[in-house]
Amino acid sequence: MDPKEPGTLLDLAVQTLMNNEPLAIHALEEIPRELFIPLFIAAVSGGHKKILKAIVSMWPFHCLHVGTLNVQESYCEIVEALIDGLQFLPVHSSSRVPKLRILDLRQDTECKTTCSDFLNRFPLCFQSCVYSPNSILKLQGARPGFSNSESELQLSRQPMEVLVDLYLDGTVKTWQLLSVVLGKVEQSFGSLHLCCRDLQIDKVSECRSTLKFLDLVCIDHLGVHGSYLSEVCSILAQMIHLDSLSLSKITFRSYKGKSFRAFLTHLGRMDSLQELSLAYFSVKDQLHKILRVLSPELDFLYLNVCDLTTKDFTSLSQSFQTSRLRVLNLSNNQITWEDSQPLRILLEKLSGTLKHLEINSCLITDTILSSLIPAIRSCSLLHVLGFASNPITMPMLRNIFPHITALKDLKYVLYPIPVHCYDQWGFRGSLDRQKLSVVKSQLKVMLQAAERNDMKWTTSYA
């Protein structure tokens, strides 16, 4: 709200309540339920923890989503207040019995504060857990006598869910957040289901005890960094579906070993996998084994620093699983002349779907880039193109410029600093920033001449 403009009556009323904590808490028993939402937003923004706890304890809707609300106070303190407000038993001191069944603590841009009730008869939340046997949907479905005519006393004892995204990095902040949530789960005596949708792990060996408390069946997105492949497989074995899997710096002894074979088996079970990211994960001459077990629904493929060979590039070009990719990142793998031919075939195959392509730091020369440009230009839907940190000359950059600007959907280009800007190419300390400034000025003029001011060209350096 513009501070120069007078607030609405609702704004003024909400602000008055925020400035008077006892009054705000007392008012919750009388106000229409529609006013809970603006009160909740104001309490979160202002860090009013006691008011937040009271709001949650009497929340009149089936679900409550934090979404993208502005949290000015400590996030952990806000979460603790929200968790403390959960009620598992009837609250006789209040005239308003809470309806809350799902508390969503994720920073999800697609979630409104609460979902609409379905025909005012069945409380529905589209973010409800659907996989775990401990989910609300599964438990309520197992109760044949459940109906909306049950008393509020019975409804108040229905199961609940807390939805979270977790990054297990060993920090104090993460442990504080987990302690609050797990403490409430224990206090609920089985009524509260902790549902983690996005789990990021930094070193599995340091968080094994925490993993025991998580229902891994719920997870949609899994990321693991700095661990052994056998540890990754032990986690994947407990999952029945994944939308995305990201592995970075994962070590294993042999492609013929038990861990790698188990990894392929688990990947083959992930029928809904849409995104696979491997970084610092050597697949040298073995990529075909991974590709053939992947879901044909794969949309995003990241193979950053994976020791790709000509055989691997050929596998990419021939695989049915890579026929509909929207995002492809092959950065930090050397692309030779032999590699460029299957890559060209792959790009031509993806001409009708590819929107994001990155081939940064691949030691691509003028000759190789020239051979790839027709295939890149065939990708009519391309929105982002990155080919930075490759030894390209300024004449080649000028030659390919009209081909790149001809792509009408292309808005972002990460281009390589031409080799003449370096005293010794590839060493940042040898970069002549004055020469780079001239290059940027020339590209700006060229973009204006091509009437592509909607397109942004940038380098990997400021």
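These figures come from a predicted structure and were not determined experimentally.

Considerations on the packing of helix 14 (residues 337-349) against helix 15 (residues 366-377)
At step 1: Axis separation between helix 14 and helix 15 bottoms out at 9 Å; the angle between their running directions is 10°. The angle between helix 14 and helix 15 places the two elements in the roughly parallel class. Mapping the contact onto sequence places Trp337, Ser340, Leu343, Arg344, Leu347 and Glu348 in helix 14 and Thr367, Ile368, Ser371, Leu372, Ala375 and Ile376 in helix 15.
At step 2: A per-class count over the contact of helix 14 with helix 15 returns seven nonpolar, three polar and two charged.

Remarks on a nonpolar patch on the surface
At step 1: Taken together, the side chains of Val130, Tyr131, Leu137 and Ile240 present a nonpolar region at the surface, about 340 Å² in accessible area.
At step 2: Summarising the element assignment, Val130 is placed in the loop between strand 2 (102-104) and helix 6 (136-141).

A closer look at the environment of Lys355
At step 1: Its place among the elements puts Lys355 in the loop between helix 14 and strand 10 (356-358).
At step 2: Counting along the chain gives 29 residues from Lys355 to Arg326, while the straight-line C-alpha distance between them is 5.2 Å.
At step 3: Those residues in contact with Lys355, other than ones at most four positions away along the chain, are Arg326, Leu381, Leu382, His383 and Val384.

Considering the environment of Ile201
At step 1: Relative to the helices and strands, Ile201 is located in strand 4 (residues 192-202).
At step 2: Given a relative accessible area of 2%, Ile201 falls into the buried group.
At step 3: Between the C-alpha atom of Ile201 and that of Gly170, which follows or precedes it by 31 residues, the distance is 9.2 Å.
At step 4: Excluding residues that lie within four positions of it along the chain, Ile201 makes contacts with Leu168, Cys207, Leu211, Leu222, Gly223, Val224, His225 and Ile235.

Things to note about the pairing of strand 4
At step 1: Burial of strand 4 is extensive: eight of the eleven residues sit out of reach of the surface.
At step 2: Across nine bridges, the pairing between strand 3 (residues 160-168) and strand 4 is parallel. For Val162, the partnering residue across the bridge sits in strand 4 and is Leu194.
At step 3: With helix 8 (residues 172-187) bridging strand 3 and its parallel neighbour strand 4, the resulting β-α-β unit is right-handed.
At step 4: Sheet analysis places strand 4 next to strand 5 (residues 221-228), joined by five bridges and oriented parallel. In the sheet register, Gln200 faces strand 5, and the bridge partner there is Gly223.

Some words on unusual backbone geometry
At step 1: One non-glycine residue with positive phi stands out, namely Asp285, at about 65°.
At step 2: With respect to the helices, strands and loops of the structure, Asp285 is situated in the loop between strand 7 (275-279) and helix 12 (287-291).
At step 3: Within the chain, Val305 stands out as a residue other than glycine whose phi angle is a positive 60°.
At step 4: Mapped onto the elements, Val305 comes out in the loop between strand 8 (300-304) and helix 13 (310-318).

Regarding the confidence of the model for the chain
At step 1: Looking at the chain, the pLDDT average stands at 87 and 90% of residues meet or exceed 70.
At step 2: Below pLDDT 50 for its whole length, residues 143-156 participates in 21 contacts with residues either more than four positions away or in separate chains.

Quick notes on the packing of helix 3 (residues 36-46) against helix 4 (residues 49-57)
At step 1: Between helix 3 and helix 4, the shortest axis-to-axis distance is 9 Å and the interhelical angle comes to 150°. When the axes of helix 3 and helix 4 are compared, the pair comes out roughly antiparallel. The crossing of helix 3 and helix 4 is left-handed. For the pair formed by helix 3 and helix 4, the contact residues are Phe36, Leu39, Phe40, Ala43 and Val44 on the first element and Ile51, Leu52 and Ile55 on the second.
At step 2: Class assignment for the residues of the contact of helix 3 with helix 4 results in eight nonpolar, no polar and no charged.

A closer look at the packing of aromatic side chains
At step 1: Taken as a whole and judged by the stated rule, the model has eleven aromatic pairs.
At step 2: Consider the rings of Phe263 and Phe281, whose centres lie 5.7 Å apart with planes at 40°: the pair is tilted. Residue Phe263 is located in helix 11 (residues 258-269), and its partner Phe281 is located in the loop between strand 7 and helix 12; the two are separated by 18 residues in the primary sequence. By the burial criterion, Phe263 is buried, and Phe281 matches it.
At step 3: Between Tyr415 and Trp457 the ring centres are 5.7 Å apart and the planes differ by 45°, which places this aromatic pair in the tilted class. Placement of Tyr415 in the loop between strand 12 (412-414) and helix 17 (433-449) and of Trp457 in strand 13 (residues 456-458) is noted, with a sequence separation of 42 residues between them. You'll find Tyr415 and Trp457 in the same group, each marked buried.
At step 4: Ring pairing ties together the aromatic residues Phe252, Tyr255, Phe260, Phe263 and Phe281, which thus form one cluster.
At step 5: One cation-aromatic arrangement involves Lys249 over Tyr280; the distance from NZ or CZ to the ring centre is 5.3 Å.

Reading the values: rules and limits
- Residues numbered from 1 in each chain as written.
- Predicted model: local features only at pLDDT ≥ 70, side-chain atom pairs only at ≥ 80, totals over all residues.
- Heavy atoms only, no water.
- Axes fitted to C-alpha atoms, helices over the stretch in contact; angles between N-to-C directions.
- Helix = DSSP H or I, 4+ residues; strand = E, 2+ residues; numbered from the N terminus.
- Parallel < 35°, antiparallel > 145°, perpendicular 65-115°, else oblique.
- Contact = heavy atoms within 4.5 Å.
- Nonpolar A, V, L, I, M, F, W, Y, C, P; charged D, E, K, R; others polar.
- Patch = residues over 30% accessible without salt bridge, like charges linked within 9 Å, V, L, I, M, F, W, Y side chains within 5 Å.
- Areas by Shrake-Rupley, 256 points an atom, 1.4 Å probe, with all protein chains shown as cover.
- Salt bridge = Lys/Arg side-chain N within 4 Å of Asp/Glu carboxyl O.
- Buried < 20%, exposed > 50% of the residue type's maximum accessible area, 1.4 Å probe, protein only.
- Pairing = 2+ DSSP bridges.
- Right-handed = clockwise from strand over helix to strand, strands pointing away.
- pLDDT = per-residue confidence, 0-100.
- Left-handed = near helix turned anticlockwise from the far one by under 90°.
- Phe/Tyr/Trp six-rings, centres within 6.5 Å; stacked < 30°, edge-to-face > 60°.
- Lys NZ or Arg CZ within 6 Å of the ring centre and 35° of its normal.

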